[in-house]
Number of protein chains: 2
Amino acid sequence: MSVSSREERILGIIETARAKRPRFKDTAITMAHGAGGKATQTLIEGLFAPAFGMTDLDDAGAAGDVLVTTDSFVVKPLRFPGGSIGELAVNGTVNDLAVAGARPLAITLAMILEEGLSSDVLRAEVEAIATAARAAEVEIVTGDTKVVERGHADGMYLATTGVGVPDPRAQLTRLRPGDRILLSGSIGEHGTAIMLARGEFELEADVASDTKSLWPTVDALLDAAGPHLRAMRDATRGGVASVLNELARASQVAMVVDERSVPVDPVVAGAAEILGIDPMYVANEGKLVAFVAPEQADQALAAMRAIDPRAAEIGEVRTDPPAMVLVETAFGGRRVMDQLVGDPLPRIC
Amino acid sequence: MSVSSREERILGIIETARAKRPRFKDTAITMAHGAGGKATQTLIEGLFAPAFGMTDLDDAGAAGDVLVTTDSFVVKPLRFPGGSIGELAVNGTVNDLAVAGARPLAITLAMILEEGLSSDVLRAEVEAIATAARAAEVEIVTGDTKVVERGHADGMYLATTGVGVPDPRAQLTRLRPGDRILLSGSIGEHGTAIMLARGEFELEADVASDTKSLWPTVDALLDAAGPHLRAMRDATRGGVASVLNELARASQVAMVVDERSVPVDPVVAGAAEILGIDPMYVANEGKLVAFVAPEQADQALAAMRAIDPRAAEIGEVRTDPPAMVLVETAFGGRRVMDQLVGDPLPRIC
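Computed from a predicted model, the values in this text were never measured in an experiment.

Q: Quick question: what am I supposed to make of the pairing of strand β11 (residues 288-292) of chain A here?
A: Consecutive side chains of a regular strand alternate in pointing toward one face of the sheet and then the other. All names here are of chain A. Within β11, 5 of the 5 residues are buried, leaving the element largely enclosed by the surrounding structure. Burial of the side chains of β11 extends over both faces: L288, A290 and V292 are buried on one face and V289 and F291 on the other. Sheet analysis places strand β8 (residues 180-183) next to β11, joined by 4 bridges and oriented antiparallel. The partner of L183 across the bridge, within β11, is V289. Pairing analysis gives 5 bridges linking strand β9 (residues 229-234) to β11, with the strands arranged antiparallel. Residue pairing across strands places L229 opposite V292, the latter belonging to β11.

Structural data, given as structure tokens:
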């Protein structure tokens, strides 16, 4: 391709993106705006990005020589099988850095506490934060504490910001047709654990959150695939489906996912069926999706499997239809796996 | 002083600090833990710092080559004369970097929104954030949005993290006896404006928040005093009194403040008297206290006055009694200006 035709193509992509910028027209905020699906995207692309002059809508932004990422945590309940809000706050932020190809270095911690919060609950979260930070090898360098009156803030809300150093092995880029889609393990555990912990359903099942630092997985992927690693995303709010849709749109490519190859724990699958939710839309807090050029996909998958034997190749990037994700079902059919609309699982992280 | 006696002295200071580390013994969180006074300090020094292995309790922490600082904002009401929560979130974080001697470069923005929040209110804050960021010359590099159910979060809470580059002119150090205490302008405006805006008092007065970026003031101070500038603090929650107490403790020095030299707007003084609050404890959002070696104090003050003609020298660092702040009153007496106990002005920022 000549330079000028390449430039034309890039301009074409920018035009398409401009034309497709959603407009934020809602009159009030709804739970759906926090769900990580279509409403969140409209809020970000239609209101925040133009106002703040953001050209890059990734979770991580460059500030001088470092990458920074920020997240707030409003999960309910504060503790659940497999983790707690404090552990989530550390790992969530560390993972946003990791999938941006940056080695996590430090985090900051802002706490909004509710008047009347038991000191024992606070102490337990402080301990969980400290333990998770040590495990993820990040230093907590500064913090802030605010207190709001009883009845607000559900005990506590946390906001963490991560600072990381871009890893020279990471040369992340746009997706290309033919890229393989890899998943680092089984899906849906975090969201299912939270739903069950709320006790709103007459359902008991032994499901624990998968919250953990993804840096070791990223580190292994960078070693195995280096410049052939195109992109990574941690599949949190909105699950794997949302991550795939976001990237299909951003790169104007199609994706085809083989449903049978997606690892789902039978207990999670059972709970999701009863709750009427597709596990592909359920939040994870320790799983990533990686896009790897075909020539290095097997090595990348082997590296992921050395960390989690349930890692799997789940699909492929195609050319058409652009910006769409298709699923090949277990029955041989095909359907569109669309963006999440509404919020089936609020306050999940 | 010989090296060994200097070392002994430093060890002595560390011992003192250790011996004086407060223990966090409260059974539940109260509004006072968020007020920036004695209870906040006990929470930080007694619980957070030991758990997180923090040796430096400044508002800014080093992460690689940059300084980072974080803050959350829960001010009520969201808009008030002179500013709004969005403007405060940008300036507050920029100012924490500035007084640490770092040029503000970028900020991150985490928003916790209440279900049902009017889009017009959100739009206005997004605009306020964008405008304040442009004025402070910082880029908003990344963000996050969560939504919580109606009745929580008072419309919105914000958490901002700032990334700054240490300015080579800044060689901040411990305070020494003889250092002059400079104040960048009149005090108490932000806290008073918020209290009046709440309408809880039968009192109307024309007071606007002083929220603004302090980097221009810091820049001028660094030019004028360079290595003679010992320390700076922005006098937010807990006001000038809290900042002086914190530094007197940290450096184990005494401070004497001449009450008559502290600039207070007559309207603020009048409102504070009716509310029964000393303006020295009232929050500012655009004022700093600077400590400058005596030989460069006049130049530093002149530089501050070129930005705000009400800047003033308000006192001096002394040796005894260590860790105490004394006020010389307008009537020639002396009293202790102690740490804030309780929270006379909750949800001020």
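Q: Sorry if this is basic, but what is going on with the packing of helix α3 (residues 85-99) of chain B against helix α4 (residues 119-136) of chain B here?
A: A pair of packed helices is captured by two measures, namely the crossing angle of their axes and the spacing between those axes. Residue and element names in this part refer to chain B. As a packed pair, α3 and α4 sit with axes 7 Å apart at the nearest point and diverge in direction by 30°. The angle between the axes of α3 and α4 places the two elements in the roughly parallel class. Viewed along their axes, α3 and α4 form a crossing whose handedness is right-handed. Residues I85, G86, E87, V90, N91 and V94 of α3 pack against E125, A128, I129, A132, A133 and A136 of α4. Looking at side-chain class alone, the contact of α3 with α4 contains 8 nonpolar, 2 polar and 2 charged residues.

Q: Whenever I open this one, the sheet that holds strand β7 (residues 156-166) of chain A confuses me. Can you help?
A: Two pairing modes exist for strands in a sheet, parallel and antiparallel, and in both the strands are linked by backbone hydrogen bonds. Residue and element names in this part refer to chain A. Strand order across the open sheet formed by 5 strands is β1-β2-β7-β5-β6, with mixed pairing between neighbours. If you trace the sheet from one side to the other, it starts and ends with β1 (60-63) and β6 (139-148), each paired once. With strand direction ignored, the average angle separating the axes of adjacent strands in the sheet is 20°. By the bridge criterion, 4 bridges tie β1 to strand β2 (residues 66-73) in an arrangement that is antiparallel. Note that in β2 the partner of A60 across the bridge is T69.

Q: Hey, could you run me through the packing of aromatic side chains in this one?
A: Residues and elements named next belong to chain B. One pass over the structure, following the stated rule, counts 3 aromatic pairs over all chains. On the numbers, 6.2 Å between centres and 15° between planes, the contact of F48 with F52 is stacked. With a gap of 4 residues between them, F48 and F52 both fall in helix α2 (residues 38-52), about one helical turn apart. Judged by relative accessible area, which is 6%, F48 ranks as buried.

Q: Can you walk me through the pattern of salt bridges in this structure?
A: Evaluated as defined, the whole model comprises 49 salt bridges over all chains. Linking A:R169 and A:D167 is a salt bridge whose minimum nitrogen-to-oxygen distance equals 2.8 Å. Residue A:R169 is classed as partly exposed on the basis of its relative accessible area, which comes to 24%. Ionic pairing is found between B:D219 and B:R169, a salt bridge with its closest N-O pair at 2.6 Å. Taken as a pair, B:D219 in helix α6 (residues 215-225) and B:R169 in the loop between β7 (156-166) and β8 (180-183) lie far apart in primary sequence, 50 residues in all.

Q: Quick question: what am I supposed to make of the relation of the copies chain A and chain B here?
A: For the pair of chain copies, the relating operation is a rotation around an axis with a shift along it. Of the transformation placing chain A onto chain B, the axial shift is 0.0 Å and the rotation is 180°, giving an RMSD of 0.0 Å. Here the transformation between the copies is reduced to the relation of a two-fold axis. Minimal C-alpha distance to the rotation axis in chain A is attained by A:H152, lying at 2.4 Å. Both copies share a contact surface, since 100% of the interface residues of chain A are interface residues in chain B too.

Q: Please clarify how the environment of A:V243 should be interpreted in this entry.
A: Residue and element names in this part refer to chain A. Structurally, V243 is set in helix α7 (residues 239-251). Taking the C-alpha atoms as reference points, V243 and V264, separated by 21 residues in sequence, lie 17 Å from one another. V243 has contacts with R233, D234, A235 and V289, leaving out every residue within four places of it along the chain.

Q: Which parts of the structure should I look at to understand the sheet that holds β8(B)?
A: All names here are of chain B. The 7 strands lie next to each other as β9-β11-β8-β12-β10-β13-β14, forming an open sheet whose pairing is mixed. On the outer flanks of this sheet lie β9 (229-234) and β14 (334-336), each paired with one strand and no other. If you compare each strand with its neighbour and ignore which way they point, the axes differ by 25° on average. Bridging between β8 and strand β12 (residues 312-318) involves 4 bridges; their strand directions are antiparallel. In the strand pairing of β12, I181 is matched with G315. With respect to the sheet, helix α9 (residues 297-307) is in contact with β8, β11 (288-292) and β12, its orientation differing from that of β8 by roughly 5°.

Q: Honestly, helix α9 (residues 297-307) of chain A in this entry has me stumped. Any pointers?
A: Residue pairs spaced three or four apart in an α-helix point in one direction, given the helix's 3.6 residues per turn. Residue and element names in this part refer to chain A. What α9 keeps buried is the set A297, A300, L301, A303 and M304. Seen along its axis, α9 keeps its buried residues to an arc of 160°; they face one direction. Exposed and oriented more than 90 degrees from the buried face of α9 are D298 and A306.

Q: I tried to follow the environment of B:T142 on my own but got confused; where do I start?
A: All names here are of chain B. Of note, T142 is situated in strand β6 (residues 139-148). Note on T142: relative accessible area 2%, which makes it buried. Between the C-alpha atoms of T142 and I107, which are 35 residues apart in sequence, the distance is 7.6 Å.

Q: I tried to follow unusual backbone geometry on my own but got confused; where do I start?
A: Outside of glycine, negative phi angles account for most residues, and trans bonds account for most peptide bonds. Residue and element names in this part refer to chain B. The step from K76 to P77 runs through a cis peptide bond, and the omega angle for that step is 0°. Geometrically, the link from D320 to P321 is a cis peptide bond, its omega value of -5° lying close to zero. Following the sequence through the fold, P321 ends up in the loop between β12 and β13 (325-328). A positive phi angle is found at E137, which is not glycine, with a value near 60°. Here E137 shows up in the loop between α4 and β6. Here A323, not a glycine, exhibits a phi torsion of approximately 65°, which is positive. Mapped onto the elements, A323 comes out in the loop between β12 and β13.

Parameters and conventions
- Residues numbered from 1 in each chain as written.
- Chains lettered and ligands numbered in written order.
- Predicted model: local features only at pLDDT ≥ 70, side-chain atom pairs only at ≥ 80, totals over all residues.
- Heavy atoms only, no water.
- Buried < 20%, exposed > 50% of the residue type's maximum accessible area, 1.4 Å probe, protein only.
- Helix = DSSP H or I, 4+ residues; strand = E, 2+ residues; numbered from the N terminus.
- Pairing = 2+ DSSP bridges.
- Axes fitted to C-alpha atoms, helices over the stretch in contact; angles between N-to-C directions.
- Parallel < 35°, antiparallel > 145°, perpendicular 65-115°, else oblique.
- Left-handed = near helix turned anticlockwise from the far one by under 90°.
- Contact = heavy atoms within 4.5 Å.
- Nonpolar A, V, L, I, M, F, W, Y, C, P; charged D, E, K, R; others polar.
- Phe/Tyr/Trp six-rings, centres within 6.5 Å; stacked < 30°, edge-to-face > 60°.
- Salt bridge = Lys/Arg side-chain N within 4 Å of Asp/Glu carboxyl O.
- Least-squares fit on C-alpha atoms with pLDDT ≥ 70 in both.
- Arc of directions from axis to C-beta.

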